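Reading the structure
Here's the letter readout for the chains.
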Amino acid sequence: EAGVTQSPTHLIKTRGQQATLRCSPISGHTSVYWYQQALGLGLQFLLWYDEGEERNRGNFPPRFSGRQFPNYSSELNVNALELEDSALYLCASSSWAWADTQYFGPGTRLTVL
Amino acid sequence: QKEVEQDPGPLSVPEGAIVSLNCTYSNSAFQYFMWYRQYSRKGPELLMYTYSSGNKEDGRFTAQVDKSSKYISLFIRDSQPSDSATYLCAMSGGNQGGKLIFGQGTELSVKP
C-alpha cells in the first residue's frame, strides 16, 4: 500500500514569491493535515482538511492557505514568501474513523532566499 | 510553558542498551498518545499509538502512559544502530480539532 506522497521534494524560491506544495493521502484516507517543521521550532500544525473543507487552522497568517480536491489530495499555498518560511513542510493523512492516527509523508523542503 | 515538554538530548548509548525516552504534558484533556521516529531529512514514522493510560508493547518497543502524572515514556530494548534517529512524542484530545501537539524531539544515537 502506497504511503503519503508529496511533491516537489525540494523547492527554492525568493522572498515575495508564491510556493505551491502538493500532497496525496493514503488510499481510503479522507483527512489531510499540513505541518511546518522549522529548525529549532518542532512540528507546528498548519491546516486540516476533510471532505474538501478546511476544518481547523493553526496559528499562521492568512498567506498560508490550501485546499483539498475531490480525490482527497491537497495543495498548500504560501504567498508573499518570507525568509522564515524556510522549513520542511509535512503532509499527513488519516481516515476519519481514526482521526488521531496520522501518517506522514516525506515532506517538501522549502528554501526561501 | 509548552504544552508538551521533551528533553532534546542528544542521547548517546551503546548498542544493546535499553533506551528510555520521556515526555511530560500539561493539558489533562489529552487522551491519545503517539511516538514517531524521524530519520534525518525524512518524514516522521508512526511507531506507537496509545489511548488513555497503560502500557503497549510492539517488539522491542514499549510505550507507557501515566495520565495521573501527565507523563509518557518509550522504551527501546536491545537498541540497534538503526534506531539512531529523532524520536517525537505527540498527543491530542477530543477537542484539538485534528491537531497533534508534538514535543521537540529527542535525538538518539546508538553506537556499535
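Everything here concerns the structure above.
I will try to describe carefully the structure that is included in this document. (Residues numbered from 1 in each chain as written. Chains lettered and ligands numbered in written order. Predicted model: local features only at pLDDT ≥ 70, side-chain atom pairs only at ≥ 80, totals over all residues. Heavy atoms only, no water.)

Turning our eyes to something else, we now look at the nonpolar core. Of all hydrophobic cores here, the largest spans 24 residues; its most connected members are Val4(B), Trp35(B), Ile72(B), Leu74(B), Tyr87(B) and Met91(B). Among the secondary structure elements, those contributing two or more residues to this core are β3 (19–25), β4 (30–38), β5 (45–51), β7 (61–66), β8 (71–76), β9 (85–93) and β11 (106–111) of chain B. Listed in part, the 22 residues of the second largest apolar core include Trp34(A), Tyr49(A), Ala87(A) and Cys91(A). (Core = buried A, V, L, I, M, F, W, Y, C linked by side-chain atoms within 4.5 Å. Buried < 20%, exposed > 50% of the residue type's maximum accessible area, 1.4 Å probe, protein only. Helix = DSSP H or I, 4+ residues; strand = E, 2+ residues; numbered from the N terminus.)

For the rest of this paragraph, the subject is the state of the cysteines. Residues and elements named next belong to chain A. For the coordinates displayed, the defined rule picks out two disulfides over all chains. For Cys 23, the disulfide goes to Cys 91, at an S-S distance of 1.8 Å. Of note, the bridge from Cys 23 to Cys 91 carries an S-S torsion of about -60° and is left-handed in sense. With Cys 23 in strand β3 (residues 19–24) and Cys 91 in strand β9 (residues 87–94), this pair connects stretches of sequence that are 68 residues apart. Of the two residues, Cys 23 and Cys 91, neither departs from the other in class, the shared state being buried. (Disulfide = S-S within 2.5 Å.)

At the junction of the two partners, chain B supplies 19 residues and chain A supplies 20 residues. Both faces considered, chain B and chain A share a buried interface measuring about 1,600 Å² in area, 54% of it formed by carbon and sulfur atoms. Inspection of the region where chain B meets chain A yields zero salt bridges. At the boundary of chain B and chain A, one finds four residue pairs in polar contact (both at pLDDT 80 or more). Those elements that provide at least two residues to the side of chain B that touches chain A are β4, β5 and β9 of chain B. In terms of residues, the side of chain B that touches chain A owes the most to one element, β4(B), which gives four residues. Grouping the amino acids of the side of chain B that touches chain A by side-chain chemistry returns nine nonpolar, seven polar and three charged. (Contact = heavy atoms within 4.5 Å. Buried area = accessible area lost by both parts, 1.4 Å probe. Salt bridge = Lys/Arg side-chain N within 4 Å of Asp/Glu carboxyl O. Polar contact = N/O pair within 3.5 Å; in protein donor to acceptor, adjacent residues only side chain to side chain. Nonpolar A, V, L, I, M, F, W, Y, C, P; charged D, E, K, R; others polar.)

This part takes up the pattern of salt bridges. All names here are of chain A. Taken as a whole, this structure holds eight salt bridges over all chains when the rule is applied. As a salt-bridge pair, Asp 85 and Arg 63 come within 2.7 Å of each other at their nearest N and O atoms. Note that Asp 85 is positioned in the loop between β8 (74–78) and β9 and Arg 63 in the loop between β6 (53–57) and β7 (64–68), a separation of 22 residues in sequence. Assessed through its relative accessible area of 15%, Arg 63 is described here as buried. Taken together, the salt bridges that share partners define one network made up of Arg 22, Arg 67 and Glu 75.

This part takes up the pairing of strand β5 (residues 42–50) of chain A. The side chains of a regular strand alternate between the sheet's two faces. Residue and element names in this part refer to chain A. In terms of burial, β5 is largely enclosed, as eight of its nine residues are buried. The loop that links strand β4 (residues 31–38) with its antiparallel partner β5 comprises three residues; one of these, Gly 40, has a positive phi angle of about 80°. For β5 and β6, the ladder comprises four bridges, and the chain directions are antiparallel. By the bridge assignment, Asp 50 is partnered in β6 with Glu 53. (Pairing = 2+ DSSP bridges.)

Residue and element names in this part refer to chain A. Spatial strand order, β1-β3-β8-β7: four strands in an open sheet with antiparallel pairing. Each edge of the open sheet is held by one strand with a lone partner, namely β1 (5–7) and β7. Each strand axis lies, on average, 20° off the axis of its neighbour in the sheet, ignoring direction. Pairing analysis gives three bridges linking β1 to β3, with the strands arranged antiparallel. Within the sheet, the bridge partner assigned to Gln 6 lies in β3 and is Cys 23. (Axes fitted to C-alpha atoms, helices over the stretch in contact; angles between N-to-C directions.)

To continue, consider the packing of aromatic side chains. All chains considered together, the criterion is met by twelve aromatic pairs over all chains. For the pair Phe104(A) and Phe102(B), a centre-to-centre distance of 6.0 Å together with 70° between the ring planes defines the contact as edge-to-face. With one member in each of two chains, Phe104(A) in strand β10 (residues 103–104) and Phe102(B) in strand β10 (residues 101–102) form a pair that bridges those chains. Centre to centre, the rings of Tyr32(B) and Tyr51(B) are 5.2 Å apart; their planes meet at 45°, and the pair counts as tilted. Placement of Tyr32(B) in strand β4 and of Tyr51(B) in strand β5 is noted, with a sequence separation of 19 residues between them. Overall, Tyr51(B) belongs to the partly exposed group, its relative accessible area being 48%. Members of the aromatic cluster, joined through ring pairs, are Tyr35(A), Phe45(A), Phe104(A), Tyr36(B) and Phe102(B). (Phe/Tyr/Trp six-rings, centres within 6.5 Å; stacked < 30°, edge-to-face > 60°.)

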